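Next come the chains, spelled out residue by residue.
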Amino acid sequence: ASSQLQPLKPWCSRPSSMSRLLDLATGAALGALGLALIVTLNERLEEETRRLWRRGLLAASRAARSTLTYDQEDEHGDEQEFSMSKSPGTPGSRAASGARKCQLGVGYNKQLADERRQIYALLENLPRLPELDYVPTAKYEEAPIEEVLHPLIAEASVILVAGAYFGDEGKGKTVDAIARHPEVKVVARVNSGENAGHTVFGETGHKYDFHLCPSGLLTPGKVNMIGPECVMDPVSFMEREVSQLVRTGVSYKERLFIGNVHLVCPHHKLLDLIGSWDAPNRSTLQGMGPVHASKASRRGLRLDHLFNGREGQQGSRARLERDMGEYWGALSSKSITEAELHEKAKANSKIQPHVLGFIAARDKAQYVLDLFDRYVVHNSDFPPCADVSFLLRQTLSSGGKVLLEGPQSYFLSNAAEKFWDSGTSANTDAAGMLCAARVNIGSPSLSPLAINIHKTPGSSRVGSGANPCALVPQHYFAATDSTKEDFEAMQIDWRDVCVQYFGSIGSNGLLRPGAFTNHTGTYDLGVAMAAASCVHPSHREFGVTSGRPRVVGFFDCVAHAELMQAQGPYCSISAFDRADDYDTYAVCVAYVYVHPEGTPLSSNGRLFRNGDILRAGEQLPTQQVLAHCQPVLKKVDGWRETPIFARSEWWLAQQHPVALPENVCKLLDIIEHFTKTVILSIGNGPRGDEIIYLRRLATRAWATPSKASRRPSASLEEALRSRA
């Protein structure tokens, strides 16, 4: 009977879709609903994709992959800037302008230089660690995607593309590569909200900024879903995301389905503003914390409530009014009037017009519900609603594969114990994504595959918290109010600052503090390196939405080893071609704990004292301890003469598959050795097909079953005794 059914669309709860509901009711069973999801794919596109796939790496298929270009992502936790220090800065640097903001003697810069010298004086005699003597010998060469990625996809039913650091790692290219596999039927976002996002340039060169929409929308023939654990401001969603699709004629009505999401209302965004009243840049002002609080306390609105009446105790009006009690309470406790709130909100560019309208509205519940009626219930452009979790399960039971596109990252997840107080409000690690999808975790056929995406050089973090591998303290840009224009005014020569910076790394792996001077002034050496990195043409580390600089640093093997223990071993590293312009680079292979006052701190039963070493693979402490950790850096030679950028003369002149340059191999080997990861690919350009898949020509010693090849580890009893 199912073979005679016409392609069906998932259940749409919009009242205007009665004819579609009647069609669905005609002979449709629940199983047919799942089947319908699969058959909505365009048959001609499906057949063409399969034909090209069977023929392998044809030029046509390679060209098809190159049509999308991926710009910077823009992901953060709920708080953007916050200082781990008691003294986040002095007014001097914020009052300065241009390059002067960052000069050594101005404001917080003087304090920073003093702190660096004090810490180095305590550590300069640190003995050289054995990790610094590791000699990388592995060789890698370019391999086809069919050899590296496709066998993993073939064995998996659910593929999760997860952030491996603090967001902004460049997950979009790997999502696109996996989504193009013919057995992958659905691409889904299953949690978090609009504080995640990335920019993609479509086939025609049009720029798309996606926050909740999966980037699979630009991959032909794929069904996309936004799951019920996501949080959505319908106004932002329609104005910022769907409007792009409407304007450019991208077909989405049969390829994008919205689950029973939790609704971000104007009062949630204003609660963010009230909570960061004295420092509004601390928050994204997207309402993430407050809406997740409403979600956890079961007070807020979900999408279904908009279609089921306003009146009664469980009607949308009563629910909304109960939830707005937090808003009135926050105003009262802070002694803020709505007039003052309106002025504050109006002066902040992150506050949208419909949020300002909420403050002015007399009947706030009616204002919000009328607003959502206009943008959702009575809006023919709003995508169809569906039971996303049910459809994901039906896709899997029908033999299709599901791709879960991860927002934020492992370390920004609210389940990341070590960083939970500066992350986001959703569980954005791989396990959290799998749970939010509500697939059958008890099914013997469920085979999840996590591919973790990192980025280096220029591993970046925005927001609050500890960051041992950063070039500057995590709060530096907020403390000095420094911008892209200020960095450009510093006119730092990239080669000069690199030579001085990497030349200041001692034989024990510690950076000796210093000053960098050019004709525009004198700067802390780390500040100069951070500024030059942010404005480097291949880095461009500034927030897509905010424009604020990102704090960048080195690849952190200690943190990455923790990630691999939780959701390893597979990893892809984007932007690897950035190292084409380095004569020397460095990797963090250990931390050393040092408190300026000699204060020991405890984390999970382990007491950390000055001089204690934290190695990759060991217990990672919480960020109260990490705030006092310094990186031990292993230097690696660069490869400027053999640039791997996909459109460089050297790369284009090579016979493919390319044996990767020796120093590229050394960097890859070091990361794999210390973190126990398997690097599947590296990025060598922003375009969708500018990825180098890797074939390692020697066995990973740590991955073999031989006990002799494994790093010795203490027994549980020994580990517990060492903590006693």
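Residues numbered from 1 in each chain as written. Predicted model: local features only at pLDDT ≥ 70, side-chain atom pairs only at ≥ 80, totals over all residues. Heavy atoms only, no water.

Draft legend 1. Seen up close, unusual backbone geometry. That bond from T456 to P457 is cis: its omega, -5 degrees, falls within 30 degrees of zero. Structurally, P457 is set in the loop between strand 12 (448-455) and strand 13 (459-461). Note the cis peptide between G568 and P569, where omega equals 10 degrees. Secondary-structure assignment places P569 in the loop between helix 24 (557-567) and strand 18 (570-574). Of note in this structure, L285 is not a glycine but carries a positive phi near 60 degrees. With respect to the helices and strands, L285 occurs in the loop between helix 11 (266-275) and helix 12 (288-296). Phi is positive for R298, close to 60 degrees, though the residue is something other than glycine. Taking the relative accessible area as the measure of exposure, R298 reaches 66% and is therefore exposed. (Helix = DSSP H or I, 4+ residues; strand = E, 2+ residues; numbered from the N terminus. Buried < 20%, exposed > 50% of the residue type's maximum accessible area, 1.4 Å probe, protein only.)

Draft legend 2. Molecular detail of the packing of helix 13 (residues 316-323) against helix 17 (residues 364-377). Direction vectors running N to C along helix 13 and helix 17 enclose 120 degrees, while the axes themselves pass 9 Å from each other. Judged by the angle between their axes, helix 13 and helix 17 are oblique. The interaxial crossing formed by helix 13 with helix 17 has right-handed handedness. Across from S316, R317, L320 and E321 in helix 13, the residues of helix 17 making contact are A365, Q366, V368 and L369. Residues that form the contact of helix 13 with helix 17 fall into these classes: 4 nonpolar, 2 polar and 2 charged. (Axes fitted to C-alpha atoms, helices over the stretch in contact; angles between N-to-C directions. Parallel < 35°, antiparallel > 145°, perpendicular 65-115°, else oblique. Left-handed = near helix turned anticlockwise from the far one by under 90°. Contact = heavy atoms within 4.5 Å. Nonpolar A, V, L, I, M, F, W, Y, C, P; charged D, E, K, R; others polar.)

Draft legend 3. Focus on the nonpolar core. Ranked by size, the top nonpolar core spans 101 residues in total, and within it F502, Y591, L660 and I682 carry the most contacts. With 9 residues, strand 19 (residues 584-593) is the single largest residue contributor to this core. In this structure F502 touches M529, F554, Y582, T584, Y585, A586 and K635, once residues within four positions along its chain are discounted. Counting 55 residues, the second largest nonpolar core, distinct from the first, contains L218, L263, C265 and A330. (Core = buried A, V, L, I, M, F, W, Y, C linked by side-chain atoms within 4.5 Å.)

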